[in-house]
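# Tertiary structure, described
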Amino acid sequence: LFAGVVCASVWRRAWLLGPGAGFWLTALQLNAGLADRLDPALEGQPVRVRGVVTSVPQGTLDILRFRFSPLPDGDSRALPQRIELTWYDAPTRVDAAETLELEVKLRRPRGFANPGGRDNEARMLRDHVGASGYVRSGARLGRESNAAFRYPALLARAHIASIIRDALGERPSAGIVAGLAVGLQDALSRDQWLQLSRSGTSHLMAISGLHIAMVAAAFAWLGGRAQRFRQSRGATGAARDVSVVAGAIAALGYSLLAGWSVPTQRTMVMIACGAAAL
């Protein structure tokens, strides 16, 4: 950052600040992520925690997986802000944005990091997950009254996934539709992932630039058509401007529904830059 400031001052080019600012923001994010990890003294110890489900729970009652954010009270204050939990033989399904009181055993982020394979610790760092573990016992406390205001995108994802599940039932397409609609990749079966991997098309199920750009283009076209129809009836305003705004809003909505992952954030930033330029 210091080098960028010096170069920008000498050559009087503001864009030279960009790389330094990028490295500085990366360092802040990295330090925050490394600091928000489970205390080694709590690893493997039974912990009572009260918090909120901050993902759409995936799996069956045999193996139920979800992300969990402890509330800042009691022992929860010593825990990371986001935890990945697995509940084996769960007595009932849990809902997104629901408050739970659990007894858990946790461990710090770690995993295999073989070349060409999945680096689980790096993934948890990117996703701001400070610990993983399993549930020993728990109780459902229901949703708080302000859950709809605190987690609107999460509840929308859960509602759409529920509609898809109810409409398609046990059909093999249910997981694919849920994956493309709201980014729930865990909805696909192991056999489906194997078929996608063998055919070289597994990347199509990861919501990224291709999917968001297609949605933005479709809504931009619809917005332009609607504005041209309004112009024929005497309305003012450029059809291109309406197309740009409609496409950007649709891209933002789809990015939020898809889980706001790093690829969707990157695509949304570029669409916003293009929309602002136009």
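This structure is a prediction, so every number in the text was calculated from the model and none was measured.

Okay, the pattern of salt bridges next. Within this structure, the stated rule accounts for twelve salt bridges. When the shortest N-O distance is used, the salt bridge between Arg110 and Glu43 registers 2.6 Å. Residue Arg110 is located in the loop between β5 (99-107) and α3 (120-126), and its partner Glu43 is located in the loop between α2 (17-35) and β1 (46-53); the two are separated by 67 residues in the primary sequence. The class for Arg110 is partly exposed, based on a relative accessible area of 40%. Close ionic contact of Asp127 with Arg67 constitutes a salt bridge, the shortest N to O distance being 2.9 Å. Within this pair, whereas Asp127 is found in the loop between α3 and β6 (131-142), its partner Arg67 is found in strand β3 (residues 63-70), the two being separated by 60 residues in sequence. Look at the salt bridges and you will find they share partners, linking Arg48, Glu101, Glu103 and Arg136 into a network.

As a further point, take the pairing of β3. As defined by bridge partners, β1 adjoins β3 across three bridges and the pair is classed as antiparallel. Residue pairing in the sheet places Gly51 in a bridge with Pro70 of β3. Where strand β2 (residues 58-59) lies against β3, two bridges are found, and the strand directions are antiparallel. Looking at β3, one finds that Gly59 is bridged to Leu64. Between β2 and the antiparallel strand that follows it, β3, lie three residues. Pairing of β3 with strand β4 (residues 83-88) involves six bridges; the strand directions are antiparallel. Residue Phe68 lies in a different strand from β4, and its bridge partner there is Ile83.

Let us look at the side chain of Arg37. By the element assignment, Arg37 lies in the loop between α2 and β1. For Arg37, a relative accessible area of 16% corresponds to the buried category. A distance of 3.1 Å separates the side chain of Arg37 from the side chain of Glu121, its partner in a polar contact.

Per the counting criterion, the structure on display carries one aromatic pair. Both rings, one in Phe66 and one in Phe68, keep their centres 6.4 Å apart while their planes meet at 75°; by these two values the pair is edge-to-face. Here the two residues Phe66 and Phe68 agree in accessibility, since each one is buried.

Criteria and thresholds
Residues numbered from 1 in each chain as written. Predicted model: local features only at pLDDT ≥ 70, side-chain atom pairs only at ≥ 80, totals over all residues. Heavy atoms only, no water. Salt bridge = Lys/Arg side-chain N within 4 Å of Asp/Glu carboxyl O. Helix = DSSP H or I, 4+ residues; strand = E, 2+ residues; numbered from the N terminus. Buried < 20%, exposed > 50% of the residue type's maximum accessible area, 1.4 Å probe, protein only. Pairing = 2+ DSSP bridges. Polar contact = N/O pair within 3.5 Å; in protein donor to acceptor, adjacent residues only side chain to side chain. Phe/Tyr/Trp six-rings, centres within 6.5 Å; stacked < 30°, edge-to-face > 60°.

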